[in-house]
Amino acid sequence: MNFDRTIERRGSHSMKWDMMAERYAVSAETGLPMWVADMDFAAPDCVQDALRRAVDHGIYGYFGDDAAYRAAICWWMAERHGWQVDPGHIFTTHGLVNAVGLCLQTWTAPGDGVVLFTPVYHAFARTIEGAGRVVVECPLVERAGRYEMDFDAADAAMTGRETMLILCSPHNPGGRVWSRAELQAVAAFCERHDLLLVSDEIHHDLLMPGQRHVPTPLATPGSLDRLVMLTSASKTFNIAGTHCGNVILSDPRLRAAFAKTLVGTGISPNSFGLHAVTAAYSPEGAAWVDALCAYIDGNRQLFDDGINKIPGLRSMALESTYLAWVDFSGTGMAREEFTARVEQGAGIAANHGTTFGQGGESWLRFNLGAPRPVISEAVDRLQRAFGDLQ
Ligand SMILES: Cc1ncc(COP(=O)(O)O)c(C=O)c1O
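Parameters at a glance
For every chain, the first residue of the written sequence is number 1, and numbering continues from 1 along that sequence. Totals for whole chains, interfaces and linings use every residue, but because this is a predicted model, local features are given only for residues with pLDDT of at least 70 and side-chain atom pairs only at 80 or more, for both listing and counting. As a convention, hydrogens and water are excluded, and side-chain values are obtained from all of the structure's heavy atoms. Take the buried residues of types Ala, Val, Leu, Ile, Met, Phe, Trp, Tyr and Cys, join any two whose side-chain atoms come within 4.5 Å, and each joined set is a nonpolar core. Three exposure classes are used, based on accessible area relative to the maximum for each residue type with a 1.4 Å probe and protein chains only: buried under 20%, partly exposed in between, and exposed over 50%. In this description a helix means any DSSP run of H or I spanning at least four residues, a strand means any run of E spanning at least two, and both kinds are numbered starting from the N terminus. Put plainly, a pocket is an open set of points on a 1 Å grid over the protein atoms alone with protein on both sides within 12 Å along at least five of seven lines, a cavity is a set where a 1.4 Å probe fits but cannot get out, and a lining residue has an atom within 4 Å of a point. Grid points are joined across faces, edges and corners, and a volume is the space filled by probe spheres set on the points. Here the term charged refers only to Asp, Glu, Lys and Arg, the term nonpolar to Ala, Val, Leu, Ile, Met, Phe, Trp, Tyr, Cys and Pro, and the term polar to all other amino acids, Gly among them. Any two strands are treated as partners once DSSP identifies two or more bridges connecting them. The convention used is that axes are lines fitted to C-alpha atoms, helices contributing only their stretch in contact, and that angles between N-to-C directions extend from 0 to 180 degrees. Residue contacts are defined here by distance: any two heavy atoms, one from each residue, within 4.5 Å place the two residues in contact. By convention in this text, a residue qualifies as near a molecule or strand provided that one of its non-hydrogen atoms is within 4 Å of it. For this analysis, a polar contact is any N or O atom pair within 3.5 Å, provided that within protein one partner can donate a hydrogen and the other can accept it, and provided that sequence-adjacent residues contribute only side-chain to side-chain pairs. All accessibility values rest on the Shrake-Rupley procedure with a 1.4 Å probe; residue burial counts only the protein chains present in the view. A pocket or cavity is taken to hold a molecule when more than half of that molecule's atoms are within 2 Å of the pocket's grid points.

**Q** Would you mind showing me how to read the nonpolar core here?
**A** In terms of nonpolar packing, the biggest core is built from 65 residues, with L165, L167, F237 and Y281 touching the most fellow members. Among the elements that line this core, the one with the most residues is helix α12 (residues 283–307), at seven residues. Membership of the second largest hydrophobic core comes to 28 residues, among which are L96, L102, L104 and L196.

**Q** Even after reading the chapter, I still don't get empty space enclosed by the protein, so can you show me in this structure?
**A** The gaps left among the atoms become clear once a water-sized probe is rolled over them. In the structure shown here, the tally under the stated rule is two cavities of 30 Å³ or more. One number sums up the size of the largest cavity: a volume of about 40 Å³. What lines the largest cavity is simply W83, P217, L224, L227, M229, I248 and S250. In this structure, the second largest cavity encloses a volume near 30 Å³. Lining the second largest cavity, in full, are F117, V120, I166, L167, C168, H171 and W178. Top contributing element to the lining of the second largest cavity by residue count: strand β7 (residues 162–168), with three residues. Among the residues making up the lining of the second largest cavity, the classes are represented as six nonpolar, one polar and no charged.

**Q** Just checking my understanding: could you explain the sheet that holds strand β9 (residues 227–231) for this structure?
**A** Within a sheet, each strand pairs with its neighbour through backbone hydrogen bonds, oriented either parallel or antiparallel. Read across the open sheet, the seven strands follow the order β2-β10-β9-β8-β7-β3-β4; overall the sheet is mixed. Both edges of this open sheet fall to β2 (90–93) and β4 (134–139), since each of them pairs with a single strand only. Ignoring strand direction, the axes of neighbouring strands in this sheet form an average angle of 25°. Of the strand pairs in this sheet, strand β3 (residues 113–118) and β7 are connected by four bridges, and their pairing is parallel. Within β7, the position partnered with L116 by the bridge is I166. Helix-sheet contacts for helix α10 (residues 252–265) involve β2, β8 (196–200), β9 and β10 (245–248), and the interaxial angle to β2 is about 25°.

**Q** Teacher, can you tell me more about the layout of surface pockets here?
**A** Considered as a void within the structure, the largest pocket measures approximately 1,200 Å³ in volume. Lining the largest pocket are 46 residues, and of these M15, V36, A37, D38 and A240 lie nearest its centre. For the lining of the largest pocket, the secondary structure elements donating two or more residues are α5 (96–107), α6 (122–130) and β13 (348–352). Considering every element that reaches the lining of the largest pocket, the biggest residue donor is α6, with four residues. Among the residues making up the lining of the largest pocket, the classes are represented as 20 nonpolar, 18 polar and eight charged.

**Q** Teacher, can you tell me more about the environment of R253 here?
**A** As for its placement among the helices and strands, R253 is situated in helix α10. The exposed category is assigned to R253, whose relative accessible area is 66%. The spacing of R253 and D225 is 28 residues in sequence and 7.9 Å in space, taken between C-alpha atoms.

**Q** How should I be thinking about the site of the ligand in this particular structure?
**A** Taken together, A37, G95, L96, V97, Y121, C168, N172, D200, I202, H203, S234 and K235 are the residues near the ligand. The separation between an oxygen atom of the ligand and a polar main-chain atom of V97 is 3.0 Å. The fraction of the free accessible surface of the ligand (400 Å²) that becomes covered by protein chains is 93%. Structurally, the ligand is housed in the largest pocket. Per-class residue counts for the shell around the ligand are six nonpolar, four polar and two charged.

These figures capture arrangement, not role.
Right, dumping it as structure tokens:
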């Protein structure tokens, strides 16, 4: 577990590194990629060993008998989140964006409204629009420096054409760990407007000290008939390229409908994803995640201390995820100017806040999943790029 180790990723078909210069005004040689949400850390040894065993076997045929895979998921959810999952309630997809697309196909019709609390993970809107559904944005409000939902405004925004709400829990990009009461309020909102609640909990293991994630079914046991749970090991263990995600459904009618979609789309998981997840959800994987969270917390402190010293910049206090959300509105600069300073000035590729929907206009998102010297370098570069504001 040496998170300080630098591993060269250029030339490895890494989206984060090898597509950075194409997407952002930074140099491929000297740019710091702080955009796509994967980390520059090697996966734990237990995962690497399992994948090596699978590779070394030499035969890459169809995977069968996923009992160990399901058992590993059930163990993890009980052990880490106090959530008892029935192994028969788990469906496997090619990751969670794929799962969102399959949910839209299963439970909504073209033209239906899908509610998002924005700003939120950009692929939700892209997938909803790509499927011919309509994004209905309910902007989060900031109170005491953190995001909250405004249910009065959301109630007023409903037209009756909405059929689904996609919740990001914990929240990307604001890093909120929603409380039990907030999750109950979301479920009540879904009841009032007859919405299916899709809860994407991909970031649930990446918790800052003192935070406790509440799985939505534990907060809302009375609403399981309208709840779709999405979970994945891919953020936690940095295995997103193995493209494996889960849809967990307690309700038999939801299960029957989703099973039909999987048959109708021919989705069946990639064996390497199943090997990786089975190995990751283990006591060895758990020890690695504990160390990872402590390391990310150190990165977060270093980054926030440096950023909050720059007049006009403000990093939202992260409760979860390795994604820092930085507000540039205090600089009084236009979006083009602060973005140019970050890209051309500091040589940093950070996600543009506008892609996250309403409320993201004055923000950029920085990925802190990198060795500490990279975070330190990023802070130095940003302090220099905004040096005239000191
Ligand atoms: C909330 C959320 N859901 C899903 C994903 C992507 O999931 P996958 O790679 O399994 O499609 C991300 C990636 O950043 C995310 O933040």
